[in-house]
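# Residue-level structure breakdown
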Amino acid sequence: MGKRMDDAFGRKIIGALIVALIVEGLGWVYSVGVLVNKIDTLAKSVIENKREIEQLRKVNNRLIRIEVLMETVVVGNNKISENQAIFSAEQQRRGPLIEDATRHLRNARVHK
């Protein structure tokens, strides 16, 4: 009976080790599955982030173009303002001369 009990105990130990090995293997498979899922999720996030970065670059380029155009508009407005000041000064300088000439031309006594 002693040998049979030892054999039975040995089989129980071996069976328990096999069960532990199976449980450990399943745990490892689960861990690998979770890790692969996280890697897939991270890969998708990287792709999405690259897409968003590209969109931000496009928006940045558009903003730079808008900034250049605005600078062009500001420079153009400054030139227009300078020209208006020149025209206004010329108009003020020539205004009295033109009024005198107009009065002279309208004077019928001079132009008979």
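Let me sum up the structure you'll find in this document. (Residues numbered from 1 in each chain as written. Predicted model: local features only at pLDDT ≥ 70, side-chain atom pairs only at ≥ 80, totals over all residues. Heavy atoms only, no water.)

## What to know about the overall build of the chain
A tally of regular secondary structure across the chain gives one helix and zero strands. Projected onto the principal axes, the alpha-carbon positions of the chain cover approximately 160 × 20 × 10 Å. Within the chain, the proportion of its 112 residues that are buried is 1%. About 10,800 Å² of surface is accessible on the chain, with carbon and sulfur atoms providing 63% of the total. Here the chain contributes 19 positively and 13 negatively charged side chains, and the mean placements of these two sets differ by 6 Å. (Helix = DSSP H or I, 4+ residues; strand = E, 2+ residues; numbered from the N terminus. Buried < 20%, exposed > 50% of the residue type's maximum accessible area, 1.4 Å probe, protein only. Areas by Shrake-Rupley, 256 points an atom, 1.4 Å probe, with all protein chains shown as cover. Lys, Arg positive; Asp, Glu negative; His and termini not counted. Charge placed at Lys NZ, Arg CZ, Asp CG, Glu CD.)

## Some thoughts on the pattern of salt bridges
All told, the structure shown has four salt bridges when counted by the stated rule. Residues D100 and R103 are paired through a salt bridge, measuring 3.2 Å at the closest nitrogen-oxygen approach. Separated by three residues within a single helix, D100 and R103 lie in helix α1 (residues 2–106), roughly one turn from each other. Taken together, the shared-partner salt bridges connect E90, R93 and R94 into one network. (Salt bridge = Lys/Arg side-chain N within 4 Å of Asp/Glu carboxyl O.)

## Some remarks on a nonpolar patch on the surface
Where nonpolar side chains cluster on the molecular surface, the patch consists of I14, I18, I22 and L26 and spans about 400 Å² of accessible area. Along the polypeptide, I14 turns up in helix α1. (Patch = residues over 30% accessible without salt bridge, like charges linked within 9 Å, V, L, I, M, F, W, Y side chains within 5 Å.)

Coordinates in, geometry out; function isn't part of it.
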